[in-house]
Amino acid sequence: AMSLGALSREAHEALAIAMNRIGGKSNSGEGGEDVIRGQTINDVGEDGKSPTFPHLHGLKNGDTANSFVHQIASGRFGVTPEYLVTAKQLEIKMAQGA
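What you see is a predicted model; the values in this text were computed from it and never measured.

Analysis parameters
Residues numbered from 1 in each chain as written. Predicted model: local features only at pLDDT ≥ 70, side-chain atom pairs only at ≥ 80, totals over all residues. Heavy atoms only, no water. Helix = DSSP H or I, 4+ residues; strand = E, 2+ residues; numbered from the N terminus. Rg over C-alpha atoms; globule rule 2.2 N^0.38 Å. Buried < 20%, exposed > 50% of the residue type's maximum accessible area, 1.4 Å probe, protein only. Contact = heavy atoms within 4.5 Å. Areas by Shrake-Rupley, 256 points an atom, 1.4 Å probe, with all protein chains shown as cover. Salt bridge = Lys/Arg side-chain N within 4 Å of Asp/Glu carboxyl O. Expected span 1.5 Å × (residues − 1). Arc of directions from axis to C-beta. Polar contact = N/O pair within 3.5 Å; in protein donor to acceptor, adjacent residues only side chain to side chain.

Undergrad: Tell me about the overall build of the protein chain, and name the residues and values.
TA: The helix and strand tally for the protein chain stands at two helices and two strands. Ordered by position from the N terminus, the helices and strands of the protein chain form the series α-β-α-β. For 98 residues, the compact-globule estimate of 2.2 N^0.38 gives 13 Å, and the C-alpha radius of gyration of the protein chain, at 14 Å, lies within 12% of that figure. Seen through its C-alpha atoms, the protein chain measures out along the principal axes to roughly 45 × 25 × 25 Å. Classification of the 98 residues of the protein chain by burial places 33% in the buried group. Within the protein chain, contacts between residues separated by at least 24 positions form 53% of all contacts whose residues are at least 6 apart in sequence. Of the roughly 5,800 Å² of accessible surface on the protein chain, 56% is carried by carbon and sulfur atoms.

See the structure below:
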């Protein structure tokens, strides 16, 4: 897992889209995700760009930037019902090592 914040928004979303395309399982990390990432991208033009995700290129209708695994850490604020239900798998972080 690599948290949003440890990677840029663009990198985090591009990795999730790529993993979803190949059937992999990306992990949100404890930084969470924007709720818009739970929606399927259906506004992609012929140029591979989406008004919803204008910072990404090479998109296809049907792509999703949603991470398969959503990590929940005990100290993380902002865990919403939307964040929980858009996950295919939840990872609950109980402690962190040195």
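Undergrad: Which residues make up the pattern of salt bridges, and what are the values?
TA: The full count for this structure, using the stated rule, is three salt bridges. The salt bridge involving Asp-63 is made with Arg-21; its shortest N-O contact spans 2.6 Å. With Asp-63 in the loop between α1 (9-22) and β1 (69-73) and Arg-21 in helix α1, this residue pair connects regions lying 42 residues apart in the sequence. Asp-63 sits in the buried class, given a relative accessible area of 7%. Arg-21 sits in the partly exposed class, given a relative accessible area of 41%. Arg-37 serves as the salt-bridge partner of Glu-33, at 3.2 Å between the closest nitrogen and oxygen. You can call Glu-33 buried: its relative accessible area is 12%.

Undergrad: Requested: an account of α1, with residues and values cited.
TA: Spanning 14 residues, α1 covers 20 Å between terminal C-alpha atoms, matching the ideal 20 Å at 1.5 Å per step. Looking only at α1, the buried set comprises His-12, Glu-13, Ala-16 and Ile-17. Looking down the long axis of α1, one finds its buried residues gathered within 130° of arc, a one-sided arrangement. Looking one or two places after α1, you find Gly-23, whose phi comes out positive at around 85°.

Undergrad: Summarise the environment of Thr-64; cite the residues concerned and give the values.
TA: Considering the arrangement of structural elements, one finds Thr-64 in the loop between α1 and β1. The exposure class of Thr-64 is partly exposed, given its relative accessible area of 21%. A sequence separation of 16 residues divides Thr-64 from Gly-48, and the C-alpha atoms of the two residues are 14 Å apart. Sequence-distant contacts of Thr-64, defined by excluding residues within four places in its chain, comprise Ala-16, Ile-17, Asn-20, Arg-37, Gln-39 and Ile-41. For Thr-64, the side chain forms a polar contact with the main-chain oxygen of Arg-37, separated by 3.5 Å.

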